[in-house]
Amino acid sequence: MRTTSIFTVRAEPTSARLLTASFLSTEGYSPEWDHEWDGTARKGSRALHFMAGGIAQSYSFDLNIRYLSGTNGDTRSLIEVRQEARAYTGDSVGTSKTQAEVEHLDAGLRVALEFAGVLEHSEMVRC
């Protein structure tokens, strides 16, 4: 199952990216930007995860920031955080830890964006 957290914010893409990166950094993630608005946030070591038999969890999420619209100072952007982490060892514990991390990031980023006064809408989509 793939989970995507979607946030619509009243901010330019540059500000949306900075807010997202700042939040993820405080959560121990290392955001890496592939392109100007696409990237990956990683936490933990995938190698350690394999060597420790799944005990050491590693997470990786796709990040996408898109310009939606804007006129007269009313600029809106879309932030997407998509689940990429899976239970590599195939156990249900790894999967539940990943899902818990997705929900933690969704709730935390929502609060951070609300605190910044830019959150317009948020939703979590599972497919």
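It should be noted that the structure appears before, not after, this text.
Summarised in this report is the structure supplied together with it. Not measured: the values here are computed from a predicted model. The residue count restarts for each chain, going from 1 along the sequence in the order it is written. Note on the predicted model: pLDDT of at least 70 is required for a residue's local features to be given, and 80 or more for side-chain atom pairs to be given and counted; whole-chain, interface and lining totals, by contrast, use all residues. No hydrogens and no water enter the side-chain calculation; it runs on all heavy atoms of the structure.

1. Structural notes on the overall build of the protein chain
Applicable threshold: Segments assigned H or I by DSSP are reported as helices when at least four residues long, segments assigned E as strands when at least two residues long, and all are numbered from the N terminus. Residue burial is assigned from relative accessible area. The probe radius is 1.4 Å, only protein chains are included, and a residue is buried under 20% of its type maximum, exposed over 50%, and partly exposed in between. Should any heavy atoms of two residues lie within 4.5 Å, those residues are counted as being in contact. Each accessible area is a Shrake-Rupley result for a 1.4 Å probe, and residues are judged covered by the shown protein chains and nothing else.
Per the secondary structure count, the protein chain includes 3 helices and 6 strands. Listed by position from the N terminus, the elements making up the protein chain come as β-α-β-β-α-β-β-α-β. Looking at the protein chain as a whole, 39% of its 127 residues are labelled buried. The long-range fraction of contacts in the protein chain, counting pairs at least 24 apart against all pairs at least 6 apart in sequence, stands at 60%. Total accessible area computed for the protein chain in this model is approximately 6,800 Å², and 53% of it derives from carbon and sulfur atoms.

2. What to know about the nonpolar core
Quick reminder of the rule: Definition of nonpolar core: a set of buried residues of the types Ala, Val, Leu, Ile, Met, Phe, Trp, Tyr and Cys, connected through side-chain atoms within 4.5 Å.
Val-9, Leu-24, Tyr-29, Phe-61, Ile-79, Leu-109 and Leu-113 are the most contacted members of the largest nonpolar core, which has 20 residues in total. Looking at this core, the elements with two or more residues in it are β1 (3–9), α1 (13–26), β4 (59–69), β5 (76–83) and α3 (92–115).

3. A word on the pattern of salt bridges
A pair can form between side chains of opposite charge whenever their charged atoms are brought close. Selection criterion: Only one rule defines a salt bridge in this text: a Lys or Arg side-chain nitrogen within 4 Å of an Asp or Glu carboxyl oxygen.
According to the stated counting rule, one finds 9 salt bridges in the structure shown. Among the salt bridges present, the one from Lys-43 reaches Glu-101, with a minimum N-O distance of 3.9 Å. Of this pair, Lys-43 sits in strand β3 (residues 38–43) while Glu-101 sits in helix α3, placing them 58 residues apart in sequence. Accessibility expressed as a relative area gives 27% for Lys-43, which makes it partly exposed.

4. Quick notes on the side chain of Thr-3
By the element assignment, Thr-3 lies in strand β1. The exposure class of Thr-3 is buried, given its relative accessible area of 1%. Beyond its immediate sequence surroundings of up to four residues, Thr-3 is in contact with Val-81, Arg-82, Gln-83, Gln-99, Val-102, Met-124, Val-125 and Arg-126.

5. Structural notes on α1
Basically, it comes down to this: Expected span of a helix, by definition, is 1.5 Å for each gap between consecutive residues, and there is one gap fewer than residues. What the arc covers is the set of directions going from the helix axis to the C-beta atoms.
End to end, α1 covers 20 Å across 14 residues, agreeing with the expected 20 Å (1.5 Å per residue, within 8%). Listed in full, the buried residues belonging to α1 are Pro-13, Ala-16, Thr-20, Ala-21, Phe-23 and Leu-24. Along the long axis of α1, the arc covered by the buried residues comes to 165°, so they all point the same way. In α1, the exposed positions angled more than 90 degrees off the buried face are occupied by Leu-18 and Thr-26. Where α1 ends, the next residue or the one after it, Gly-28, has phi of about 90°, a positive value.

Read these as layout, nothing more, since geometry by itself doesn't imply function.
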